[in-house]
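# Survey of secondary and tertiary structure
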Number of protein chains: 2
Amino acid sequence: MKSWIESANKPESGFPVQNIPFGIASLKAGPDEDVRRCVTAIGECVVDLAKLETCGLISTGVDDFGPVFDKPELNDFMSLGNVVWKRVRTALIELLKEDGNSALRENGELRQQVIIPMENAVMHLPFRIAEYTDFYAGRQHATNVGTMFRGAENALPPNWLHIPIGYNGRASTVVVSGTPVYRPNGQLKAPDAQMPHFGPCKRLDIELEMGAVVGVSSNMGEPVTVAQADEMIFGYVLLNDWSARDIQAWEYQPLGPFQAKAFATSISPWIITRLALEPFRVSTPEREKPLLDYLKEPGPMLYDINLEVEMQSSTASTPTTISRTNYTNLYYSAAQQLAHHTSSGCKMNTGDLLGSGTISGPEKSGFGSLLEISWGGKEPLKLEDGEERTFIEDGDKLTLRGWAQGEGYRIGFGECAGTILPAPDIGSNQKGHRHEN
Amino acid sequence: MKSWIESANKPESGFPVQNIPFGIASLKAGPDEDVRRCVTAIGECVVDLAKLETCGLISTGVDDFGPVFDKPELNDFMSLGNVVWKRVRTALIELLKEDGNSALRENGELRQQVIIPMENAVMHLPFRIAEYTDFYAGRQHATNVGTMFRGAENALPPNWLHIPIGYNGRASTVVVSGTPVYRPNGQLKAPDAQMPHFGPCKRLDIELEMGAVVGVSSNMGEPVTVAQADEMIFGYVLLNDWSARDIQAWEYQPLGPFQAKAFATSISPWIITRLALEPFRVSTPEREKPLLDYLKEPGPMLYDINLEVEMQSSTASTPTTISRTNYTNLYYSAAQQLAHHTSSGCKMNTGDLLGSGTISGPEKSGFGSLLEISWGGKEPLKLEDGEERTFIEDGDKLTLRGWAQGEGYRIGFGECAGTILPAPDIGSNQKGHRHEN
């Protein structure tokens with residue numbers, strides 16, 4: 001399937017007519033500057049969905065709901081569910097494909113208003129994050145981390161093969177790709193120190209994850225099945241769960257990660273819909289122990305999505321690819337995680353974001369965090385220009401990329417990038433007993 | 001100070017003119033039925049703040065913000081900060097005290113519209129919960145739980161005297177007092193069982209807590225001091241952090257409580273403002289280890305608030321008071337917790353709710369959870385009518401109460417009550433390998 005917008009037909013374009021991702025954009029200039037509206041992407045352009053809705057070329061078909069695309073966030077559209085998502089996607093494909101509905105293609109004035117070159121658009125957070133939950137569903141990652149901290153024999157916690165382990169994260173600091181991230185300060189304590197001190201994190205890390213975006217809400221007290229959970233998911237984004245390993249090591253017992261993960265989580269600006277990913281479904285791995293019935297999947301619920309991480313220091317001329325892995329390296333799917341999330345009766349809402357957990361492949365070249373790549377800081381990583389890294393230094397830029405490879409086209413996720421700024425200065429009234437820095 | 005509304009002057013009234021709490025109510029009947037609006041309480045009445053604002057008797061004084069009380073939640077008002085909170089509180093005290101502004105007292109028609117007997121009002125969740133964080137700041141509680149699980153010598157985790165330990169909770173299931181709560185289902189595993197099973201929680205518990213309500217937001221990347229944190233807090237509520245101990249035991253390692261706490265958290269309908277609590281300030285206990293500077297308090301930040309828990313089975317004619325304790329039994333104040341929460345640069349928002357952690361007194365008669373009162377289920381508790389309890393049974397009603405005792409008046413928190421309903425039936429497609437029930 002081709003588009004009449006030529007840039008969408010290049011084999012390396014992430015946004016062919018098969019994709020139809022959803023995002024929020026404003027214009028860099030013009031009378032409408034700063035007004036955020038819902039958009040899709042096609043080739044090297046964004047498409048203004050608010051304008052298409054106004055002139056009746058797309059519609060949710062839900063009469064009493066009113067327009068949903070003239071909004072600074074996708075939440076209203078996402079709340080309407082699978083039938084509406086399909087209806088709008090189908091209408092957009094018809095408008096954008098080579099031999100479809102000619103209403104946009106052959107209307108020069110409308111085209112000019114609706115089709116905007118990407119370089120003239122600013123992308124924003126695609127939806128209002130209701131709550132953010134982060135899971136721990138990568139078996140290689142859990143094994144690596146467990147081996148480092150507890151030894152190979154006790155690497156996986158006893159519950160890991162039975163429960164999609166997760167914890168509640170912080171939604172207020174989920175930011176869109178491109179937002180700079182301050183290195184966090186926090187309580188740090190060396191194993192041999194008598195007392196903790198307060199200062200900048202020294203073991204700042206990434207976690208390569210995918211985020212599942214909940215579209216349809218559930219009711220309090222009403223658990224959903226895995227099949228229902230799958231239908232509730234609107235789509236997926238790339239997600240970098242920035243982590244302060246040294247803050248985490250001191251704070252996380254007994255109630256889990258808190259400030260070590262609270263300072264920032266970056267996501268890509270485009271939500272790639274579940275509908276676009278249907279051709280790429282893959283089953284979760286064979287179970288080592290049988291799952292309880294409420295977690296059993298009625299069909300394949302993972303997706304074959306290639307993932308990469310690039311690192312570039314502030315002085316380097318080229319980035320270095322430090323990891324290549326795939327979404328299928330997870331033991332639990334987002335649908336299983338979501339079903340588990342409701343198992344107690346927990347209500348899920350439109351805009352809830354579920355981080356997959358770090359996606360590490362079986363080899364070092366596919367590990368999804370610097371903690372694993374540098375094996376706890378013991379094996380520095382060499383970058384293209386000769387610099388070495390164990391953890392992230394100020395000025396480093398980290399970029400996640402992802403795509404599903406179809407026959408002659410790819411469903412691209414765009415990128416999820418962030419550059420680290422120095423830690424905020426700690427005023428004299430904030431300074432703790434700091435030993436260094 | 002007395003009110004011209006007589007019921008406010010009874011010494012046992014929780015809502016004298018010194019209190020002026022804030023809540024959200026609708027009417028049980030009448031043309032405005034179902035419309036939620038902001039209210040305060042005086043004696044046995046609620047006072048419609050939307051009407052008082054419309055007729056100009058109270059005002060935020062922030063011209064470009066528009067009305068804030070004609071809303072189904074207090075968030076807009078709370079976001080305006082300390083100066084506005086004081087201005088509105090002062091105006092309300094003037095309108096409601098014996099010898100103050102006569103504009104309401106002497107206008108019979110207005111009085112009839114504005115002053116509503118409590119029995120004609122339905123109370124709702126007072127604010128939209130942005131995010132919910134639960135702390136673990138009660139030393140006796142942490143010691144009790146630690147002793148049960150790790151032995152007396154390792155009761156307190158090594159970080160406990162340095163960090164106000166907390167974890168992110170689930171905001172979507174915070175409900176107002178009176179909302180029934182379903183017993184959760186979940187994964188359970190007896191220590192000697194080979195496999196977990198899925199079924200209703202058998203160790204359902206309360207946690208007696210206070211919730212601090214964040215009024216003013218902070219910026220991402222900008223930590224706040226303890227003094228600034230204190231000023232950001234709009235007020236306090238009673239909070240029952242319902243807990244499924246058996247689900248928690250199996251799920252919580254290594255990333256903390258998740259579904260064991262996600263099914264429900266109840267709060268009282270009235271936010272008691274920090275301004276009303278000023279006369280009751282008390283310092284946190286002496287430090288066993290010096291705190292890092294960013295956690296040091298510039299003055300007393302706890303409050304002398306009496307707390308009680310009542311339990312009543314569905315067949316009992318009278319409730320039994322099962323715990324009597326005080327808010328001063330905490331080691332960290334809400335202001336310290338909030339400052340710590342921002343220490344990494346985490347952004348806090350209007351409507352964030354911070355649970356204090358379980359508030360246990362030094363004696364068994366003041367323990368704040370059934371886990372502690374029944375010492376892990378080993379020492380059943382006798383109720384007034386002869387029934388015994390280790391944990392909560394279906395039909396049991398649990399009620400928290402709180403008040404600060406002034407000279408001749410009390411600042412009441414009202415109550416935070418919830419009755420437990422049987423666990424949702426697990427459909428055949430949801431049933432796991434259940435051994436029992």
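Fair warning: this is a prediction, and the values are worked out from it, not measured in the lab.

Bringing the overall build of chain A into the picture now. A tally of helices and strands in chain A yields 11 helices and 26 strands. Over its C-alpha atoms chain A spans a radius of gyration of 22 Å, differing by no more than 12% from the 22 Å that the globule rule assigns to 437 residues. By its C-alpha atoms, chain A is 70 × 50 × 40 Å across when sized along the principal axes. Looking at chain A as a whole, 61% of its 437 residues are labelled buried. Considering only residue pairs separated by 6 or more positions, chain A has 73% of its internal contacts joining residues 24 or more positions apart. Carbon and sulfur atoms provide 48% of the accessible area of chain A, an area that totals close to 15800 Å².

Overlaying chain B on chain A yields an RMSD of 0.0 Å, the required transformation being a rotation through 180° with an accompanying axial translation of 0.0 Å. On this basis, the relationship between the two copies can be described by a two-fold rotation axis. Across chain B, the rotation axis passes nearest the C-alpha of Gly-256 of chain B, at a separation of 2.1 Å. Most of the interface of chain B is mirrored in chain A, where 100% of its interface residues are also at the interface.

Our focus in this paragraph is empty space enclosed by the protein. Following the criterion strictly, the structure yields 8 cavities of 30 Å³ or more and no others. Here the largest cavity is characterised by a volume of approximately 50 Å³. Residues of the lining of the largest cavity, tallied by class, amount to 2 nonpolar, 5 polar and 3 charged.

Another point: the sheet that holds strand β21 (residues 320-326) of chain B. Residues and elements named next belong to chain B. Across the sheet, 5 strands lie side by side as β9-β26-β25-β20-β21; this open sheet has mixed pairing. Where the open sheet ends on each side, the last strands, each with one partner, are β9 (181-182) and β21. With 2 bridges joining them, β9 and strand β26 (residues 410-421) adopt parallel strand pairing. Each residue of the ladder has a partner; that of Val-181, found in β26, is Ile-420.

Once that is clear, we can look at the side chain of Asp-205 of chain A. Residue and element names in this part refer to chain A. Along the chain, Asp-205 falls in strand β12 (residues 204-205). For Asp-205, a relative accessible area of 0% puts it in the buried group. Here the side chain of Asp-205 touches Arg-245 through a polar contact of 2.9 Å, side chain to side chain. Within the structure, the side chain of Asp-205 is placed 2.7 Å from the backbone nitrogen of Leu-370, a separation counted as a polar contact. Among all residues touching Asp-205, those that are not within four sequence positions of it are Trp-242, Ser-243, Arg-245, Ser-369, Leu-370, Leu-371, Phe-391 and Ile-392.

Here the focus is helix α5 (residues 139-150) of chain A. An α-helical segment advances 3.6 residues per turn. Residues three or four places apart therefore align on the same side. Residue and element names in this part refer to chain A. With 12 residues, α5 should cover 16 Å at 1.5 Å per step; its first-to-last C-alpha distance of 15 Å lies within 8% of that length. By the burial criterion, the buried members of α5 are His-141, Ala-142, Asn-144, Val-145 and Gly-146. Its buried side turned inward, α5 meets α11 (370-373). Gly-151, located one to two residues past α5, shows a positive phi value of around 90°.

This part is about the pairing of strand β14 (residues 233-240) of chain A. Residue and element names in this part refer to chain A. Taken across its 8 residues, β14 has 8 buried, putting it largely inside the fold. Pairing analysis gives 2 bridges linking β14 to strand β17 (residues 272-273), with the strands arranged antiparallel. Its bridge partner being in β17, Gly-235 is matched across the sheet by Thr-273. Of the strand pairs in this sheet, β14 and strand β16 (residues 265-267) are connected by 2 bridges, and their pairing is antiparallel. Counterpart to Asn-240 in the pairing with β16 is Ser-266.

Here the focus is the interface of chain B and chain A. The accessible area lost on association of the parts is a frequent measure of interface size. Contact with chain B, which involves 68 residues of that partner, is made by 69 residues of chain A. Regarding the contact of chain B and chain A, the summed buried area is about 6300 Å², with carbon and sulfur atoms giving 60% of it. The largest contributions to the chain B side of the interface with chain A come from Arg-170, Leu-255 and Phe-258 of chain B, which together make up 13% of the buried area. Taken together, the connections running from chain B to chain A amount to 4 salt bridges. Linking Asp-352 of chain B and Arg-170 of chain A is a salt bridge whose minimum nitrogen-to-oxygen distance equals 2.6 Å. Taken together, the links from chain B to chain A amount to 25 residue pairs in polar contact (both at pLDDT 80 or more). Secondary structure elements with two or more residues in the side of chain B that touches chain A: β6 (132-135), β7 (166-168), β10 (185-188), β11 (197-200), α7 (245-251), α8 (259-262) and α10 (334-341) of chain B. For the side of chain B that touches chain A, the leading source of residues is β7 of chain B, giving 3 residues. When its residues are assigned to classes, the side of chain B that touches chain A shows 34 nonpolar, 27 polar and 7 charged.

Bringing the domain arrangement of chain A into the picture now. All names here are of chain A. Domain boundaries in chain A define domain 1 (6-124) and domain 2 (132-433). The straight-line distance from the C-alpha centre of domain 1 to that of domain 2 is 29 Å. Every contact between the two is made by 29 residues of domain 1 and, on the other side, 25 residues of domain 2. Taken together, the links from domain 1 to domain 2 amount to 0 salt bridges. Here domain 1 is connected to domain 2 by 5 residue pairs in polar contact (both at pLDDT 80 or more). For the side of domain 1 that touches domain 2, the secondary structure elements donating two or more residues are β2 (37-42), α2 (75-78), α3 (82-96) and β5 (121-124). It is α3 that contributes the most residues to the side of domain 1 that touches domain 2, 4 residues altogether. Across the side of domain 1 that touches domain 2, the residue classes break down as 15 nonpolar, 11 polar and 3 charged.

Residues and elements named next belong to chain B. Relative to the elements of secondary structure, Asp-396 occurs in the loop between β24 (388-389) and β25 (397-405). With a relative accessible area of 0%, Asp-396 lands in the buried category. In this structure the side chain of Asp-396 is engaged in a polar contact, spanning 2.9 Å, whose partner is the backbone nitrogen of Glu-393. Beyond its immediate sequence surroundings of up to four residues, Asp-396 is in contact with Met-311, Gln-312, Ser-313, Ser-314, Arg-389, Gly-418, Thr-419 and Ile-420.

The next subject is the environment of Arg-87 of chain B. Residue and element names in this part refer to chain B. Mapped onto the elements of the fold, Arg-87 is located in helix α3 (residues 82-96). Judged by relative accessible area, Arg-87 falls into the partly exposed class, the value being 37%. Distance from Arg-87 to Ser-59, taken between C-alpha atoms, is 7.9 Å for residues 28 residues apart in sequence. Each residue touching Arg-87, except ones within four places of it in the same chain, is listed here: Ser-59, Thr-60 and Gly-61. Within the structure, the side chain of Arg-87 is placed 2.6 Å from the backbone oxygen of Thr-60, a separation counted as a polar contact.

Under the counting rule described, the total for this entry stands at 30 aromatic pairs over all chains. Their ring planes at 85° and their centres at 5.1 Å tell us that Tyr-331 of chain B and Tyr-332 of chain B sit as a pair that is edge-to-face. There is no split in this pair, since Tyr-331 of chain B and Tyr-332 of chain B are both buried. Clustering of aromatic rings is evident, with ring pairs tying together Phe-22, Phe-69, Phe-77, Trp-85 and Phe-234 of chain A.

Parameters and conventions
- Residues numbered from 1 in each chain as written.
- Chains lettered and ligands numbered in written order.
- Predicted model: local features only at pLDDT ≥ 70, side-chain atom pairs only at ≥ 80, totals over all residues.
- Heavy atoms only, no water.
- Helix = DSSP H or I, 4+ residues; strand = E, 2+ residues; numbered from the N terminus.
- Rg over C-alpha atoms; globule rule 2.2 N^0.38 Å.
- Buried < 20%, exposed > 50% of the residue type's maximum accessible area, 1.4 Å probe, protein only.
- Contact = heavy atoms within 4.5 Å.
- Areas by Shrake-Rupley, 256 points an atom, 1.4 Å probe, with all protein chains shown as cover.
- Least-squares fit on C-alpha atoms with pLDDT ≥ 70 in both.
- 1 Å grid on protein atoms, 1.4 Å probe; cavity = no way out; pocket = protein on both sides within 12 Å on 5 of 7 lines; lining within 4 Å.
- Points joined across faces, edges and corners; volume = space filled by probe spheres on them.
- Nonpolar A, V, L, I, M, F, W, Y, C, P; charged D, E, K, R; others polar.
- Pairing = 2+ DSSP bridges.
- Polar contact = N/O pair within 3.5 Å; in protein donor to acceptor, adjacent residues only side chain to side chain.
- Expected span 1.5 Å × (residues − 1).
- Buried area = accessible area lost by both parts, 1.4 Å probe.
- Salt bridge = Lys/Arg side-chain N within 4 Å of Asp/Glu carboxyl O.
- Domains from an automatic or database assignment.
- Phe/Tyr/Trp six-rings, centres within 6.5 Å; stacked < 30°, edge-to-face > 60°.

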